[in-house]
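Here is what each chain is made of, one letter per residue.
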Amino acid sequence: TVVGGCAYSMATGDPVAIARAFQWAKALRLAAEQSIAACMIEKSAMMAGPGCDTEFSGGAAGWEVAAQCIHHSFLEHGYEAKLQPLSACEIDRKMQAALSHRLPANTHVFDNIMDIFGDGRAWQAAFMQKGSFAEKVHMKNHAPCVREAYCVAHRQMCPLQTFCSARVGGTPSQDFSMSGNRLGLAGPQLPPLLAFGAKTEALRTPVVGLECVSELPTHVVHDAFGRNYDWPMANNLRPSNVGFPCTNRLRLYMGGVRADTTTVFFDPNHLLDYTHHLCQREPELRPRSLLVLSTDEHVQEDVWNLKAARRASPNLCSEGAGCYLRAELQRGRAYWERYESLPPDARCSPWDLVVHVGDNPAGTATSKGWCTWSAKSNALPTIRRRTGLYLALCHNRHLLLRELFLSMGYPTYPLASQVTGVPQYSVFLDGLTYFDSLRSLGNSFHVAQAGTAIGSLMLCCQIGQRNCVDPGR
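- Identification of the protein as TPR and ankyrin repeat-containing protein 1 from Durusdinium trenchii is taken from an unreviewed UniProt entry.

This is the structure in structure tokens:
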């Protein structure tokens, strides 16, 4: 196997694995119908409306795509899941631009979640001056919350304090991740988590869904959201639970409810476990399966956008499609040498081998090599915010951007769109480069993972009438 040949090889395989993986929303509905009375499904938080707010949204709009899939699956059987996006919060300018493309025109897109206190940057600095976690929590508990902030979608001040049935957030994780900076409670990402809790408390949000790396201590979440919230769900989940064993992305999902206004009438963990059971299908979705739907036109589109993003690089190599850096091809060959050195029973099939060439397996004079690959796990390495290409060595090409999004549950091909009943997802947007889009995926929820976890919680609780008012009135 040599990386960077003159032509791309097209994968062959069974697209049935992809079709079955994208039936996760149907599995959620079936699990609910077989576990919960129809009258209780109709009264659940999922059907109560008026919709959802998303914090730390990222540019890929993963939860919003999951909500669309759930809505279509339930609508086919006479239920109207009211999960439409009301607002999103995202600090990155490029990701804000992506959200403005991906969300309905009437959805608010706010900037810094710290703006719930006023001047977000000033409050971030004030929190960081506090020495202990307890002092930061005390500051959060006594900080005033403002009623409006600048909306980048509508280019004017818009109300922050509007009622939603659920608030969903994938909190920044670098301070807690084993592969991050490991600053923990002393890091700069604790104040935004506290602001998430303060915003949820101030708006009396009935249901909250939170995603983060598994290393996040759950007591931090409890303190961030306060004593008014109970947490009936806290699970470390993998995409393999929902039919995507091709992807490695272990995440902590926590589900909270406001105790004084929201009733949990069925165990969401039981419903989630049953949904996971229904998602276990044959054949399994493997890394090679992700390549089977791509046509020559898809490859050409991806290569064109990749070349456009790299047109100013002096290190482009003429080998292959002319879109790879010399260092990437060298690392691809070094990965193959490492792969061949593994015992045959301790490595995946070469057709499922995917390597991340943003890391160097050969190492340097001052550091040892680092492998980020599917050789031992038989799953794609976790896609990160700042990342390089993923090469499928035996297929003699990189994984296309639409294939990487597919691995995270986005319906980027007609088959997946047909199965989910939602419009085909576009990975390329005006104003975003190839690597902007790849970065948005690194920030994203896994669509099926988030949809089944948060969907299970919303189906198992009922919002009281006292909570169904706009707190701004």
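Points about the overall build of the protein
- Of the regular secondary structure elements, the protein holds 17 helices and 14 strands.
- Rg of the C-alpha trace for the protein: 22 Å, near the compact-globule value of 23 Å for 473 residues, within the 12% margin.
- Expressed along its principal axes, the backbone C-alpha trace of the protein runs to roughly 65 × 50 × 40 Å.
- For the protein, the residues scored as buried account for 56% of the 473 residues in total.
- Across the protein, every contact between residues at least 6 apart in sequence was considered, and the portion connecting residues at least 24 apart equals 76%.
- Here the protein contributes 44 positively and 41 negatively charged side chains, and the mean placements of these two sets differ by 3 Å.

Looking at the nonpolar core
- In this structure, W24, F74 and M458 are the most contacted members of the largest nonpolar core, which totals 101 residues.
- Among the elements that line this core, the one with the most residues is helix α17 (residues 447–459), at 8 residues.
- When neighbours within four sequence positions are excluded, M458 is seen to be in contact with S44, A45, M46, C52, W63, L83, S165, A166 and V207.
- Residues F56, M139, W231 and M254 belong to the second largest nonpolar core, which totals 36 residues.

Some details on the sheet that holds strand β13 (residues 397–398)
- The strand order across the open sheet formed by 3 strands is β11-β12-β13, and the pairing between neighbours is antiparallel. Only two strands of the sheet have a single partner each, and these edge strands are β11 (354–356) and β13.
- For strand β12 (residues 390–392) and β13, the ladder comprises 2 bridges, and the chain directions are antiparallel. Bridge pairing in β13 links L391 to H398.

Re the pairing of strand β9 (residues 251–258)
- Of all 8 residues in β9, 8 are buried; the element is thus mostly enclosed.
- Neither face of β9 is exposed, since R251, Y253, G255 and V257 on one face and L252, M254, G256 and R258 on the opposite face are all buried.
- Judged from the 6 bridges that link them, strand β7 (residues 207–212) and β9 form a sheet pairing that is antiparallel. In the sheet register, V207 faces β9, and the bridge partner there is V257.
- Both strand β8 (residues 229–237) and β9 contribute to a ladder of 7 bridges, which runs antiparallel. By the bridge assignment for β9, M233 is matched with G255.

Focus on the layout of surface pockets
- Taken as a whole, the second largest pocket holds about 450 Å³ of empty space.
- Along the walls of the second largest pocket sit 23 residues, with E64, V65, Q68, R102 and P423 positioned nearest its centre.
- A per-class count over the lining of the second largest pocket returns 12 nonpolar, 7 polar and 4 charged.

Calculation notes
- Residues numbered from 1 in each chain as written.
- Predicted model: local features only at pLDDT ≥ 70, side-chain atom pairs only at ≥ 80, totals over all residues.
- Heavy atoms only, no water.
- Helix = DSSP H or I, 4+ residues; strand = E, 2+ residues; numbered from the N terminus.
- Rg over C-alpha atoms; globule rule 2.2 N^0.38 Å.
- Buried < 20%, exposed > 50% of the residue type's maximum accessible area, 1.4 Å probe, protein only.
- Contact = heavy atoms within 4.5 Å.
- Lys, Arg positive; Asp, Glu negative; His and termini not counted.
- Charge placed at Lys NZ, Arg CZ, Asp CG, Glu CD.
- Core = buried A, V, L, I, M, F, W, Y, C linked by side-chain atoms within 4.5 Å.
- Pairing = 2+ DSSP bridges.
- 1 Å grid on protein atoms, 1.4 Å probe; cavity = no way out; pocket = protein on both sides within 12 Å on 5 of 7 lines; lining within 4 Å.
- Points joined across faces, edges and corners; volume = space filled by probe spheres on them.
- Nonpolar A, V, L, I, M, F, W, Y, C, P; charged D, E, K, R; others polar.

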